[in-house]
Amino acid sequence: MTVISEIDPEFSPQITVVKVGGSAGINYDLVCDDIAALVRKGEKIVLVHGGSDETNRVSTALGHPPQVLTSPQGYTSRFTDTETLDIFCMVYAGKMNTRIVERLQKRGTNAVGLSGVDGRLLQGPRKSSVRSVVNGKQVLVRDDYTGKVETVNDSLLHLLLAAGYTPVISPPAISTEGEAINVDGDRASAMIARALGARQLVILSNVPGLLRTFPDESTLIRQLKFTNLDEALGFAEGRMKKKVLGASEALMGGVEQVIFGDARVAGCVSACMQGQGTVITR
Ligand code: ADP
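Residues numbered from 1 in each chain as written. Predicted model: local features only at pLDDT ≥ 70, side-chain atom pairs only at ≥ 80, totals over all residues. Heavy atoms only, no water.

Draft legend 1. Region of the structure containing unusual backbone geometry. Cis rather than trans, the peptide bond between proline 171 and proline 172 has omega equal to 10°. Tracing the chain through its elements places proline 172 in the loop between strand 10 (166-170) and strand 11 (173-175). Cis geometry marks the peptide bond from phenylalanine 214 to proline 215, where omega comes out at 5°. Mapped onto the fold, proline 215 is located in the loop between strand 13 (200-205) and strand 14 (223-225). Although it is not a glycine, arginine 120 adopts a positive phi angle of roughly 50°. Within the element layout of this structure, arginine 120 appears in the loop between strand 5 (111-115) and strand 6 (122-124). Phi at asparagine 135 is positive, roughly 50°, even though this residue is not glycine. (Helix = DSSP H or I, 4+ residues; strand = E, 2+ residues; numbered from the N terminus.)

Structure (C-alpha cells):
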C-alpha cells in the first residue's frame, strides 16, 4: 500500500458562514456553483440568504406595497405587519430558500433548508415598539413583527454539518414568545458565525464590497481595520449600514475576518475566502 498523505483524526475543517443578499443583480447560480465546488473539496459552509427584492415585488403584486421604517440613527428596516410577515415567509422561507436548496441539490450538494423558526434556530426578543422618523417627527410603531437574533441553536447546525449536510438558512427568526419575526439577515449571519466559532464571514451583495464613494466601484476599500464603527459607518449609506453593523458584531464575537464581496461574479465565495473584496479585521 502506498500512503499518499496521512489523515489527521483531529482534522476538523473551519466553518465558513456565507451570507448572500436579496438585492437585484445577485447571481444565485454562480454563488451555488462555487459553494458546491467548495463543499466537494471538504469545506464546511453554512449559507444564509436574503430576499428583499423579491419580497418587494411580490408585496406590490399582492396589493400590499413595502413600507420602510427609518430609525433616528438612519438605519432602515421593512415595516412588518401580519400581512407583510405572511408575504415575507412565502418569499424567504418558501420560494427563495427552496430554490437555493434546489440549485445546490442539482450541483450535488446535500443542502437542507431551514428558517430561523425551525428548531428555534434563530431566537431573540420581538421589539415591543419601533422608533421611527416620519416626516421629520419621531413616532412609535407598535404593530411591527421585528426583532433581533440573540441566540443561535448551534448544536442543530453542528449536527447537520457533521452528517454532511449544508444548511441553508433564511429569516424569519422566532421570538422568545414563539412568534415569527423579521430580522436583519446580515446581523443574523453575524450571530451564526459567532455561535459556530467561524473564522470567516463572507457577506455577498450586488457591489464589489464597501466603496469609499458609493456607487463608484473604483473606490473599493480592500482592507479595513475595524477599530472604529463610526469611521466605517461613515462610508456606508442606506442598507450598507446594517452590513457594517453586522461585521462589527461578528468581529467583536471572535470571528477573525468579515469579507464583503460581489455576488454577481463566478467564484465569488472562493475569491472572498482568499482575500478579495473588502476584508475587515479587528
Ligand atoms: P443585500 O440585499 O444584497 O444584502 P443591500 O441592498 O441590503 O444588499 O445592501 C447593499 C447595497 O448597499 C448596495 O446595493 C448599495 O446600493 C448600498 N450601499 C450604500 N453605501 C454603500 C457603500 N459605501 N459601498 C457599497 N454599497 C453601498
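Back to the text.
Draft legend 2. Looking closely at the side chain of threonine 55. By the element assignment, threonine 55 lies in helix 2 (residues 52-61). Within the structure, the side chain of threonine 55 is placed 2.7 Å from the backbone oxygen of glycine 51, a separation counted as a polar contact. (Polar contact = N/O pair within 3.5 Å; in protein donor to acceptor, adjacent residues only side chain to side chain.)

Draft legend 3. Here's a closer look at helix 3 (residues 82-106). Spanning 25 residues, helix 3 covers 34 Å between terminal C-alpha atoms, matching the ideal 36 Å at 1.5 Å per step. Along its length, helix 3 reaches its greatest deviation from straightness, about 30°, at asparagine 97. Of the positions making up helix 3, those classed as buried are Thr84, Leu85, Ile87, Phe88, Val91, Tyr92, Met96, Asn97, Ile100, Val101 and Leu104. Backbone geometry just after helix 3 places glycine 108 at a positive phi near 85°. (Expected span 1.5 Å × (residues − 1). Bend = angle between axes of the 7 residues up to and from the residue. Buried < 20%, exposed > 50% of the residue type's maximum accessible area, 1.4 Å probe, protein only.)

Draft legend 4. Representation of the site of the ligand in the model. The immediate surroundings of the ligand are formed by 19 residues, with Ser23, Asn206, Leu211, Arg239 and Lys243 found nearest. In this structure, asparagine 206 approaches the ligand through a side-chain N or O atom, which is 2.6 Å from an oxygen atom. Take lysine 243: an N or O atom from its side chain is 2.5 Å from an oxygen atom of the ligand. Taken by itself the ligand offers 580 Å² of open surface, and the protein chains cover 89% of this. For the shell around the ligand, the residue count by class is 8 nonpolar, 7 polar and 4 charged. (Near = heavy atom within 4 Å. Areas by Shrake-Rupley, 256 points an atom, 1.4 Å probe, with all protein chains shown as cover. Nonpolar A, V, L, I, M, F, W, Y, C, P; charged D, E, K, R; others polar.)

Draft legend 5. Seen up close, the pairing of strand 1 (residues 15-20). Of all 6 residues in strand 1, 6 are buried, a share of seventy percent or more. Residues Ile15, Val17 and Lys19 point to one face of strand 1 and Thr16, Val18 and Val20 to the other, with burial holding for every one of them.

Draft legend 6. Quick look at the nonpolar core. Formed by 48 residues in total, the largest nonpolar core has its most connected members in Val17, Leu122, Ile192, Leu201, Leu210, Val258 and Phe260. The set of elements that each furnish at least two residues to this core consists of strand 1, strand 2 (44-49), helix 4 (154-162), helix 5 (185-196), strand 13, helix 6 (229-233), helix 7 (240-252) and strand 15 (257-262). With sequence-adjacent residues up to four places away left out, leucine 201 is seen in contact with Val17, Ser189, Ala190, Ala193, Ala250, Val255, Gln257, Val258 and Ile259. Counting residues in hydrophobic clusters, the runner-up holds 28 residues, among them Leu47, Met96, Ile100 and Val202. (Core = buried A, V, L, I, M, F, W, Y, C linked by side-chain atoms within 4.5 Å. Contact = heavy atoms within 4.5 Å.)

Draft legend 7. Structural detail: the pairing of strand 8 (residues 137-141). Two strands pair when backbone bridges link them, and strand 7 (residues 130-134) and strand 8 are joined in this way by 5 bridges, in the antiparallel orientation. Looking at strand 8, one finds that serine 132 is bridged to valine 139. Taken together, strand 7 and the strand that follows it, strand 8, pair antiparallel across an intervening segment of 2 residues, in which asparagine 135 is found at a positive phi of about 50°. (Pairing = 2+ DSSP bridges.)

Draft legend 8. The arrangement of the pattern of salt bridges in detail. One pass over the structure, following the stated rule, counts 13 salt bridges. When the shortest N-O distance is used, the salt bridge between aspartate 186 and lysine 19 registers 2.9 Å. Placement of aspartate 186 in helix 5 and of lysine 19 in strand 1 is noted, with a sequence separation of 167 residues between them. Both residues of the pair, aspartate 186 and lysine 19, belong to the buried class. A salt bridge links lysine 95 to glutamate 54, with the shortest nitrogen-to-oxygen separation between them at 2.8 Å. One end of the pair, lysine 95, is in helix 3; the other, glutamate 54, is in helix 2, with 41 residues separating them in the sequence. The exposure class of lysine 95 is partly exposed, given its relative accessible area of 42%. In the salt-bridge network here, residues are joined through shared partners; they are Asp29, Asp33, Arg103 and Arg107. (Salt bridge = Lys/Arg side-chain N within 4 Å of Asp/Glu carboxyl O.)

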